[in-house]
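What follows is each chain in one-letter form.
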Amino acid sequence: MMYDLSLLKTYSKGDADFELDMIQTFLDEAPAYRSEMAQFLKEKKIKEAGLLAHKFKSSVDIFGMSDLRLLLDSFEKNCSQNISSEELMVKISLMVEELITIMHDKKNTI
């Protein structure tokens, strides 16, 4: 499974509105994070891309997205070593797109 809502459900204490708000926040922010990281890479602002990946991990953690978390960890590590991570960025982009679709569908079932 690409996500695990256990942590979100712990935080929400069964409040479906809270869960919907969190999912909507992810749906709103994930594409922006992805786009900004890609733009930083394009502009050769490698360390800034890594800092943004680090920030994105908190959103990913609340939804138990361990595969994306691992990619972001690798991306951040490469960026901290000033290594451009275009290949990882492609993988992150594909995974984010897939998760946006899944989370959008999940939101519609809450």
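Up top is the structure these notes are about.
These lines cover the structure that appears in this document, whether it is placed above or below.

**Re the overall build of the protein**
Stage number 1. Each helix and strand in the protein was counted, giving five helices and zero strands.
Stage number 2. Counting helices and strands in the order they occur from the N terminus, the protein gives α-α-α-α-α.
Stage number 3. In terms of overall size, the protein behaves like a compact globule, its C-alpha atoms giving a radius of gyration of 14 Å where 110 residues would be expected to give roughly 13 Å.
Stage number 4. Summarising its shape, the C-alpha atoms of the protein cover approximately 45 × 20 × 20 Å along the three principal directions.
Stage number 5. Within the protein, the proportion of its 110 residues that are buried is 35%.
Stage number 6. Counting only contacts in the protein whose residues sit at least 6 apart along the sequence, the fraction spanning at least 24 positions is 66%.
Stage number 7. When the accessible surface of the protein is totalled, it reaches about 6,300 Å², and 54% of it is carbon and sulfur.
Stage number 8. The centroid of the 14 positive side-chain charges in the protein is displaced by 5 Å from the centroid of its 19 negative side-chain charges.

**With respect to the environment of G14**
Stage number 1. Considering the arrangement of structural elements, one finds G14 in the loop between α1 (6-12) and α2 (16-42).
Stage number 2. Judged by relative accessible area, which is 62%, G14 ranks as exposed.
Stage number 3. Taking the C-alpha atoms as reference points, G14 and A32, 18 residues apart in sequence, are found 28 Å from one another.
Stage number 4. Leave out the neighbours within four places in its chain, and G14 touches K9 and E19.

Rules behind the numbers
Residues numbered from 1 in each chain as written. Predicted model: local features only at pLDDT ≥ 70, side-chain atom pairs only at ≥ 80, totals over all residues. Heavy atoms only, no water. Helix = DSSP H or I, 4+ residues; strand = E, 2+ residues; numbered from the N terminus. Rg over C-alpha atoms; globule rule 2.2 N^0.38 Å. Buried < 20%, exposed > 50% of the residue type's maximum accessible area, 1.4 Å probe, protein only. Contact = heavy atoms within 4.5 Å. Areas by Shrake-Rupley, 256 points an atom, 1.4 Å probe, with all protein chains shown as cover. Lys, Arg positive; Asp, Glu negative; His and termini not counted. Charge placed at Lys NZ, Arg CZ, Asp CG, Glu CD.

Read these as geometric descriptors, not functional statements.
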